[in-house]
Amino acid sequence: MSDNILMKDYAEQLSRIATSLAVAKNDVVHGDVAAGQSCELVEMFTSGNLDKRGDKLDDQLEMFAEDLEELPSLISRYIREVPLAAYDTGTSDTDRFVRWLPTVIELTPEQRDLVLVIKSRFAVEETGRRNRLGHVRFQELVSLNDRLVSELESNDGLRIHLNPMRTRAVFETGLLIGEEESPEAGVEVLFFAFQTEVRTVILEPEGRALVQTLSDIGPCHLASLKKQLDLTTSFDDESLMEMLTDCSEVGLIAFS
Amino acid sequence: MNDSATTPAIGYAIREQNRPIMDDPAINAAEITFERADDPLRVDRYLQDLDLDHVSVHALKLSVASPEPPNETYLEALRAIAIENGASSVSDHLGFTRNGDNGVEMGHFAPPPWTEAALTATCRNIDHIQKRFGDTRFYVETIAYMFEFQGTMSEADFVSKMLKCTGCGWLLDVTNVYANATNFKFDAYEFIESVMPNAESVQMHLAGGFFDEQSKMYIDSHSEPIPDAVWDLYRFSLEQGRGKVDAVFVERDQDFPDEAGWRSEIRRVREIAEQAEVPA
Ligand SMILES: [Fe+2]
């Protein structure tokens, strides 16, 4: 047999083995197992792998436990139906799980908000993965915030940077901000990276304007920011300073 | 610490539980598990301020026996962790975890069928990885398996040919060889003796598992102290590989020892390595 045919056969064999063992369809590989070796051990192999996968999902979906009674059975269905993707990272399977979830059950608005939390945290991590240097550089700037925030009003040369590792989400309910009522327009939240963690802030209209402006024209000097905000909102100086101070404390903005 | 050129660098696979003793005088090396270090939001390097003679990055998803070489994104991420931490080597397992590039992961590596086709694919992938890593040496680890696929040659032949045709390093996991020999009834000493001459450079892993009465298998769980039989096999492996063993790492993932336990185990690893330098 030519090398090409041998390699094609090999690729087919491995593909068949990997796709079936990924979801514990063990019988598919029984004919591949070496003579005299027990197929029960194939089962032990796949059940060990699925258990590990399930435990990880369990851990990362802890916040769902209270709101989704059937979570354990859904996890066990998911790991048998949807194979782990090639190059799965620490949290990518959980992100895929919450994307799969609405395809199999109808979610309540509260559950949809929890899904949004997981997706948003994952989105911030992925932004960090795509732009590692941007994250590290911004965190270096954040480490100077304590010192530079006091120069906000006096140093005309100070530039304001918006954290590039961020994503916006709108919750349907007040569940995650501890409010019983669901605000009509939803709750707008910004997820962003602070060192190795993902933080959140609720965006009120002023905050939204500030983030939007910095995103459009930043990094920029305070004067340009003020000018731009004056054109679009009714910000007064004092509340702007207060908001910039708060944002620098949580690591949403930084200075240089 | 004995800094003779022939004593391998010695240390632990880093876990949060052994970080506090990584400054032990018996330790001058560390292995970083890539998947643990690859936090996309990391700000500091995984090694923090540890200063060691030998650092190796251990990967889980190169899937060297897959039909296709690993993708660039994964290789680049691995390279970034290696550079950040000043690693002089990178390693992964002799097995496959996925089918193709856009395919699926099984969640753990299985051994390739010991066939010519698998050997060709494995060597081609190793060549690709070695080209990508340049001077950072790549080691391939013998895994512990629960079953094998039908093949046309022995594992020892497969590993020997792979080492000869690629020149990659051999990561001899002494406990894995012990586990496979126990479970599949072959002679661990003969296996090591036949493979070792084909390796240009060697790293070793040591760990402890347990014998599972139900499956009648030795399980390489990394949860126990290194058993006596593995210490003996380690001594033998050092003698067989004299002059080309670069580093030895102890792996522990569960049921962690106390501080004294961590220290005494690694000191024993060093003591035996230093004794093995002197020809009998
Ligand atoms: Fe190992």
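One can find the structure itself at the top, above this paragraph.
Residues numbered from 1 in each chain as written. Chains lettered and ligands numbered in written order. Predicted model: local features only at pLDDT ≥ 70, side-chain atom pairs only at ≥ 80, totals over all residues. Heavy atoms only, no water.

**A few points about the coordination of the iron ion**
All names here are of chain B.
Then comes step 1: Protein-derived ligands of the iron ion are Glu-141 (OE), Asp-173 (OD), His-205 (ND1) and Glu-251 (OE), with the metal-ligand distances lying across 2.1 to 2.4 Å.
Then comes step 2: Bound by four donor atoms, the iron ion shows angles of 84 to 169° at the metal and therefore irregular coordination geometry.
Then comes step 3: As a motif over one chain, the donors of the iron ion read E-x31-D-x31-H-x45-E. You can see Asp-173 sitting in strand β8 (residues 169-173) and its partner His-205 sitting in strand β9 (residues 202-206), a full 32 residues away along the chain.
Then comes step 4: Classification of Asp-173 as buried rests on a relative accessible area of 1%. (Donors = N, O, S within 2.8 Å, 3.2 Å for Na, K, Ca; no water. Tetrahedral: all angles 85-135°; square planar, octahedral: opposite > 155°, others 65-115°. Helix = DSSP H or I, 4+ residues; strand = E, 2+ residues; numbered from the N terminus. Buried < 20%, exposed > 50% of the residue type's maximum accessible area, 1.4 Å probe, protein only.)

**Topic: a negative patch on the surface**
All names here are of chain A.
Then comes step 1: On the surface, Asp-146, Asp-236, Glu-238, Glu-242, Asp-246 and Glu-249 cluster together into a negatively charged patch.
Then comes step 2: Ranked by residue count, the leading element in the negative patch is helix α10 (residues 237-250), at four residues.
Then comes step 3: Relative to the assigned elements, Glu-249 resides in helix α10. (Patch = residues over 30% accessible without salt bridge, like charges linked within 9 Å, V, L, I, M, F, W, Y side chains within 5 Å. Areas by Shrake-Rupley, 256 points an atom, 1.4 Å probe, with all protein chains shown as cover. Salt bridge = Lys/Arg side-chain N within 4 Å of Asp/Glu carboxyl O. Lys, Arg positive; Asp, Glu negative; His and termini not counted. Charge placed at Lys NZ, Arg CZ, Asp CG, Glu CD.)

**A few points about the packing of aromatic side chains**
Then comes step 1: Enumeration according to the criterion identifies 19 aromatic pairs over all chains in this entry.
Then comes step 2: Both rings, one in Phe-171 of chain A and one in Phe-191 of chain A, keep their centres 6.3 Å apart while their planes meet at 90°; by these two values the pair is edge-to-face. Note that Phe-171 of chain A is positioned in strand β3 (residues 166-171) and Phe-191 of chain A in strand β4 (residues 187-194), a separation of 20 residues in sequence.
Then comes step 3: Looking at Phe-171 of chain A, the relative accessible area reads 4%, which means it is buried.
Then comes step 4: A ring pair is formed by Tyr-178 of chain B and Tyr-218 of chain B, whose centres lie 5.0 Å apart and whose planes are at 80°; its orientation type is edge-to-face. One end of the pair, Tyr-178 of chain B, is in helix α5 (residues 174-184); the other, Tyr-218 of chain B, is in strand β11 (residues 217-219), and 40 residues separate them in sequence.
Then comes step 5: Note that Arg-199 of chain A overlies the ring of Phe-194 of chain A, its terminal NZ or CZ placed 3.8 Å from the centroid.
Then comes step 6: The ring of Tyr-46 of chain B has Arg-19 of chain B sitting right over it, with the charged end atom 4.6 Å from the ring centre. (Phe/Tyr/Trp six-rings, centres within 6.5 Å; stacked < 30°, edge-to-face > 60°. Lys NZ or Arg CZ within 6 Å of the ring centre and 35° of its normal.)

**Notes on the sheet that holds strand β5 (residues 197-202) of chain A**
All names here are of chain A.
Then comes step 1: Here three strands make up an open sheet; going across it, the order is β3-β4-β5 and the pairing antiparallel. Bordering the open sheet on either side are β3 and β5, each of which pairs with just one other strand. Strand-to-strand, the axes of this sheet are offset by a mean angle of 30°, without reference to chain direction.
Then comes step 2: Where β4 meets β5, six bridges bridge the pair, whose relative direction is antiparallel. For Val-189, the partnering residue across the bridge sits in β5 and is Ile-202.
Then comes step 3: Of the strands in this sheet, β3, β4 and β5 are in contact with helix α5 (residues 109-130), which crosses β3 at around 175°. (Pairing = 2+ DSSP bridges. Axes fitted to C-alpha atoms, helices over the stretch in contact; angles between N-to-C directions. Contact = heavy atoms within 4.5 Å.)

**Looking at the interface of chain A and chain B**
Then comes step 1: Between chain A and chain B, the residue contacts involve 43 residues of the former and 45 residues of the latter.
Then comes step 2: In total, about 3,700 Å² of surface goes out of reach between chain A and chain B, with carbon and sulfur atoms giving 68% of it.
Then comes step 3: Of all residues in chain A, Tyr-10, Phe-45 and Tyr-87 of chain A give up the largest surface area on contact with chain B, accounting jointly for 21% of the area buried on that side.
Then comes step 4: Between chain A and chain B we count two salt bridges in total.
Then comes step 5: Note that Asp-88 of chain A and Lys-61 of chain B form a salt bridge whose closest N and O atoms lie 3.7 Å from each other. (Buried area = accessible area lost by both parts, 1.4 Å probe.)

**Some points on unusual backbone geometry**
Then comes step 1: With an omega of -5°, the peptide bond between Gly-218 of chain A and Pro-219 of chain A qualifies as cis.
Then comes step 2: Among the structural elements, Pro-219 of chain A can be located in the loop between α8 (205-217) and β6 (220-221).
Then comes step 3: The backbone of Lys-185 of chain B sits at a positive phi, close to 55°, despite the residue not being glycine.
Then comes step 4: Within the secondary structure, Lys-185 of chain B sits in the loop between α5 and α6 (188-195).
Then comes step 5: Positive phi is not limited to glycine here, since His-222 of chain B has a value of about 55°.
Then comes step 6: Among the residues examined, His-222 of chain B registers a relative accessible area of 11% and is labelled buried.

**Regarding the side chain of Ser-63 of chain B**
Residues and elements named next belong to chain B.
Then comes step 1: Assignment of secondary structure puts Ser-63 in the loop between β3 (54-58) and α2 (72-84).
Then comes step 2: Looking at Ser-63, the relative accessible area reads 2%, which means it is buried.
Then comes step 3: Within the structure, the side chain of Ser-63 is placed 2.7 Å from the side chain of Ser-66, a separation counted as a polar contact.
Then comes step 4: The residues contacting Ser-63, other than those within four sequence positions of it, are Asp-92, Gly-95, Phe-96, Thr-97, Arg-98 and Asn-125. (Polar contact = N/O pair within 3.5 Å; in protein donor to acceptor, adjacent residues only side chain to side chain.)

**Observations regarding the pairing of strand β2 (residues 159-162) of chain A**
All names here are of chain A.
Then comes step 1: Relative to β6, β2 runs antiparallel, the two being bridged by two bridges. In the strand pairing of β6, Arg-159 is matched with His-221.
Then comes step 2: Bridge count between β2 and strand β7 (residues 253-255): three bridges; the pairing is antiparallel. Of the residues in β7, the one forming a bridge with His-161 is Ala-254.

Note that every value here comes from positions in space, so none of it alone points to a role or purpose.
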